[in-house]
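In case you want the letters, here they are:
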Amino acid sequence: MPTLQSLDRTAQSVDEIYQSLVARMGDYTPAFELRVKAELAHEINQLKVARNAVILGHNYMEAALFYTIPDHVGDSLDLSRKAAAADRDIIVFCGVRFMAETAKILNPTRTVLLPSLEAGCSLAASITADDVRALKARFPGVPVVTYVNTYADVKAESDICCTSGNAAAVVESLGTDTIIFLPDEYLARNVARETGKHIIFPTRLPNGQLHADTEIQYDMVGWHGRCEVHEQFTVADIASVRAQFPDVVILAHPECSPEVVEASDFSGSTNAMIRYVEQTRAPRYLLLTECSMGENVAAANPDKEMLRLCSVRCPYMGQITLEMTRDALRYTQYVIDVPEEIRVRAYRAVERMLRIG
Ligand code: 13P
Ligand code: SF4
């Protein structure tokens with residue numbers, strides 16, 4: 001699967017794009033639909049050259065987009081690096097808003113476009129900069145690790161960011177007795193388990209103050225953010241699928257609950273899951289993550305059996321379509337800006353993460 005390298009699609013004709021889609025999706029998608037997608041993709045690739053743009057596509061993009069227009073596809077960490085290194089005038093981010101903001105934070109002289117203003121994220125919406133300031137006041141001097149699935153003003157209040165691909169490494173790099181880890185409750189619990197830390201979760205009292213039970217021993221302080229997609233998976237789902245397909249290998253994203261991660265065979269970022277399927281040979285696989293990615297992995301690995309999910313779609317990622325991406329390039333919309341005072345502080349946290357790798 002072309003995860004890490006740059007893909008030059010600008011020279012492809014409509015027919016070549018169409019044939020590549022037929023090869024990947026022709027078994028289950030009517031030809032007339034793939035023809036329409038190929039025409040749109042061709043138009044976007046021409047606009048991309050005319051506008052001197054680069055397109056970054058997250059692994060959750062629908063297959064017809066994922067396989068036709070991005071110059072780079074990948075997970076959040078990978079795409080942050082690609083955004084930092086981008087040298088075209090425009091970066092079109094086929095992902096969600098926090099990802100486009102991260103691109104702007106890292107590469108402020110480029111115009112960053114997000115094709116839909118509805119492309120949010122339940123994790124990013126779960127915490128504000130005021131919440132982080134309140135936590136820092138409650139736990140003075142404790143370093144703050146923030147998942148990249150947050151908005152720029154939250155990153156600006158943080159000491160360092162992390163992604164699903166490097167969260168444990170970032171926590172361990174700090175070498176402190178205690179850390180604040182925000183905002184994903186499940187990722188935090190999974191990291192705590194991996195690093196042997198004990199985690200507590202402050203609650204908000206009716207008077208607005210944060211209460212934390214510091215009587216008990218703790219080395220991590222978390223927050224109650226959840227990914228509305230990954231929180232849907234349960235241990236009962238895993239038991240049911242294992243009863244139906246006893247030889248299935250189950251991969252879970254670390255935004256799933258610790259119980260689900262523990263009941264799975266592997267857990268990792270979206271790129272790590274892709275690599276796992278590529279590098280192993282199991283009778284069949286099931287990815288407990290956003291369902292478009294299962295389609296993309298299945299299309300790239302026709303010799304492997306993938307169980308498909310059809311309803312666990314991220315509504316925010318789903319906002320980004322070929323039509324919206326074409327309009328983004330046609331009308332220079334929607335421009336993502338980050339106030340410079342916030343950007344400079346957020347940059348420190350993101351750049352510190354990128355240095356860890
Ligand atoms: P990855 O960084 O693993 O691609 O995850 C991003 C995301 O939003 C998962 O829901
Ligand atoms: Fe946010 Fe979850 Fe969607 Fe990822 S899958 S963008 S974490 S809501």
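Below or above, wherever it landed, is the structure these notes cover. What you see is a predicted model, and the numbers here were worked out from it, not measured in a lab.

**Comments concerning the overall build of the protein**
Logical step 1: Along its length, the protein carries 15 helices and 15 strands.
Logical step 2: The C-alpha atoms of the protein give 21 Å as radius of gyration, which agrees with the globular expectation for 357 residues (21 Å, within 12%).
Logical step 3: Sorting the 357 residues of the protein into buried and exposed places 56% on the buried side.
Logical step 4: Across the protein, contacts joining residues at least 24 apart in sequence account for 65% of those joining residues at least 6 apart.
Logical step 5: Carbon and sulfur atoms make up 49% of the accessible area of the protein, which amounts to about 14400 Å² in all.
Logical step 6: Computed over 35 positive and 47 negative side-chain charges, the separation of the two mean positions in the protein equals 4 Å.

**Concerning the site of ligand 2**
Logical step 1: Around ligand 2, the neighbouring residues are Y60, C121, S122, L123, N149, C227, V229, E255, C314, Y316 and M317.
Logical step 2: Its residues placed into classes, the shell around ligand 2 shows eight nonpolar, two polar and one charged.

**Describing the site of ligand 1**
Logical step 1: Surrounding ligand 1, one finds H58, Y60, D75, S76, N149, S164, H230, H253, E255, S269 and T270.
Logical step 2: With respect to ligand 1, the side chain of H58 contributes an N or O atom lying 2.7 Å from an oxygen atom.
Logical step 3: A distance of 2.8 Å separates an oxygen atom of ligand 1 from a polar side-chain atom of H253.
Logical step 4: Partitioning the shell around ligand 1 into residue classes produces one nonpolar, eight polar and two charged.

**Quick notes on the pairing of strand β12 (residues 248-252)**
Logical step 1: Counting buried positions along β12 gives five out of five residues, so the element sits mostly inside the fold.
Logical step 2: The two faces of β12 match: V248, I250 and A252 on one face and V249 and L251 on the other face are all buried.
Logical step 3: Pairing geometry for β12 and strand β14 (residues 284-288), over five bridges, is parallel. Paired with I250 across the strands is L286, a residue of β14.
Logical step 4: Relative to strand β13 (residues 266-267), β12 runs parallel, the two being bridged by two bridges. The partner of A252 across the bridge, within β13, is S267.
Logical step 5: Taken together, β12, helix α11 (residues 258-263) and β13 constitute a β-α-β crossover, and its handedness is right-handed.

Definitions and limits used
Residues numbered from 1 in each chain as written. Chains lettered and ligands numbered in written order. Predicted model: local features only at pLDDT ≥ 70, side-chain atom pairs only at ≥ 80, totals over all residues. Heavy atoms only, no water. Helix = DSSP H or I, 4+ residues; strand = E, 2+ residues; numbered from the N terminus. Rg over C-alpha atoms; globule rule 2.2 N^0.38 Å. Buried < 20%, exposed > 50% of the residue type's maximum accessible area, 1.4 Å probe, protein only. Contact = heavy atoms within 4.5 Å. Areas by Shrake-Rupley, 256 points an atom, 1.4 Å probe, with all protein chains shown as cover. Lys, Arg positive; Asp, Glu negative; His and termini not counted. Charge placed at Lys NZ, Arg CZ, Asp CG, Glu CD. Near = heavy atom within 4 Å. Nonpolar A, V, L, I, M, F, W, Y, C, P; charged D, E, K, R; others polar. Polar contact = N/O pair within 3.5 Å; in protein donor to acceptor, adjacent residues only side chain to side chain. Pairing = 2+ DSSP bridges. Right-handed = clockwise from strand over helix to strand, strands pointing away.

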